[in-house]
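Structural characterization, general
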Amino acid sequence: MNESRFDTLMRSVDDGLLEEAETPRKNNRTWKMIAYAAVAACVCVAAVGMLTHPKVPRRRADGKPGAGGHRSPDNPAGLLAAAAG
Amino acid sequence: LEDEQIVELSFRRDGTAVKEMQDKYGRLCMEIAGRILPDPRDAEECASDAFLHAWNSIPPEHPRSLKAYLARIARNLALDRYDYNSASRRSTALTDAFEELEGCICGDKDEPERAAEAGEFRTFLNDFLRAQPRDARIYFIRRYWYGEGIGEIACSCHAGEEKVKSSLFRTRNRLREAMIKENISI
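Residues numbered from 1 in each chain as written. Chains lettered and ligands numbered in written order. Predicted model: local features only at pLDDT ≥ 70, side-chain atom pairs only at ≥ 80, totals over all residues. Heavy atoms only, no water.

**Some details on the overall build of chain A**
Of the regular secondary structure elements, chain A holds four helices and zero strands. In chain A, the succession of α and β elements from N to C terminus is α-α-α-α. For chain A, the proportion of its 85 residues judged to be buried stands at 21%. Here chain A displays about 6300 Å² of accessible surface, and carbon together with sulfur accounts for 63% of that area. (Helix = DSSP H or I, 4+ residues; strand = E, 2+ residues; numbered from the N terminus. Buried < 20%, exposed > 50% of the residue type's maximum accessible area, 1.4 Å probe, protein only. Areas by Shrake-Rupley, 256 points an atom, 1.4 Å probe, with all protein chains shown as cover.)

Quick look at the structure:
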């Protein structure tokens, strides 16, 4: 192989292309791992929320809050009924 | 320091420019020269000479990319040294790359004819490389300009060796086809 001919071929490459090739590339795997970690974190938050969030009280037909349920502060009728009786 | 600041230091003839270049790009120049020259002492000498050449040529030169500028000087010096040493020919990392590209280089031409086509070829090659997918272009330049091995490219580009190999194979074929189509030979 004639190295000078090879050199002729490659000597023509522009500086911009050389720099692009030499610049370290971002590791795609790192971004994938970050994405997986974010998804896992979301799933954990959702699971913890489902386990710890208080149950939403079911209102009975007469307007009183259901047994064992929490009184909703945005339901003054329910609160009054509970206080009265 | 940023490259532009180093170039400015050199323009002001401030000797710290050479030290800054060595600190920032010494390893790169050593690696480039080391892929061409089997003797690390030769490679080290070429790397040192590259900074001296840069110091002497800036100004008047004002390189757009100091990194590429130094890399090119180091490579050219190493190739000159390789020619000088080639009385006892030894295989180097770049020799393998030479062999792979041989299929793209055909025909014997005399020097004036080659010189006349040099400008045309420069445009052709850079247009060809820019038209390639980014990964393929990077693998090609790392392999055939920087002389990196397949394993090194795969490692630094976070790709499998087979992917790099097949990409280089396809790019070489496209280069050959493009050269035939444009009726270009060197």
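**Here we look at the environment of Glu2(B)**
Residue and element names in this part refer to chain B. Take Glu2: it is sitting in the segment before α1 (3–11). Taking relative accessible area as the criterion, Glu2 reaches 56% and is therefore assigned exposed. Between the C-alpha atom of Glu2 and that of Leu66, which follows or precedes it by 64 residues, the distance is 9.7 Å.

**Some points on the confidence of the model for chain A**
A residue-level look at chain A finds 42% of positions with pLDDT of 70 or above and a mean pLDDT of 69. Mean pLDDT in chain A bottoms out at helix α4 (residues 76–84) of chain A, which sits at 60, and peaks at helix α2 (residues 15–22) of chain A, which reaches 85. (pLDDT = per-residue confidence, 0-100.)

**Remarks on the packing of aromatic side chains**
Residues and elements named next belong to chain B. Summed over the entire model, instances satisfying the criterion amount to three aromatic pairs over all chains. Measuring from centroid to centroid gives 4.8 Å for Phe140 and Tyr144, while their planes differ by 65°, and the two rings are edge-to-face. Separated by four residues within a single helix, Phe140 and Tyr144 lie in helix α7 (residues 134–144), roughly one turn from each other. Of the two residues, Phe140 and Tyr144, neither departs from the other in class, the shared state being buried. With 4.9 Å between their ring centres and 65° between their planes, Trp145 and Tyr146 make a pair best called edge-to-face. Each member of the pair, Trp145 as well as Tyr146, is classed as buried. The ring of Trp55 carries Arg13 above its face, with NZ or CZ at 3.8 Å from the centroid. (Phe/Tyr/Trp six-rings, centres within 6.5 Å; stacked < 30°, edge-to-face > 60°. Lys NZ or Arg CZ within 6 Å of the ring centre and 35° of its normal.)

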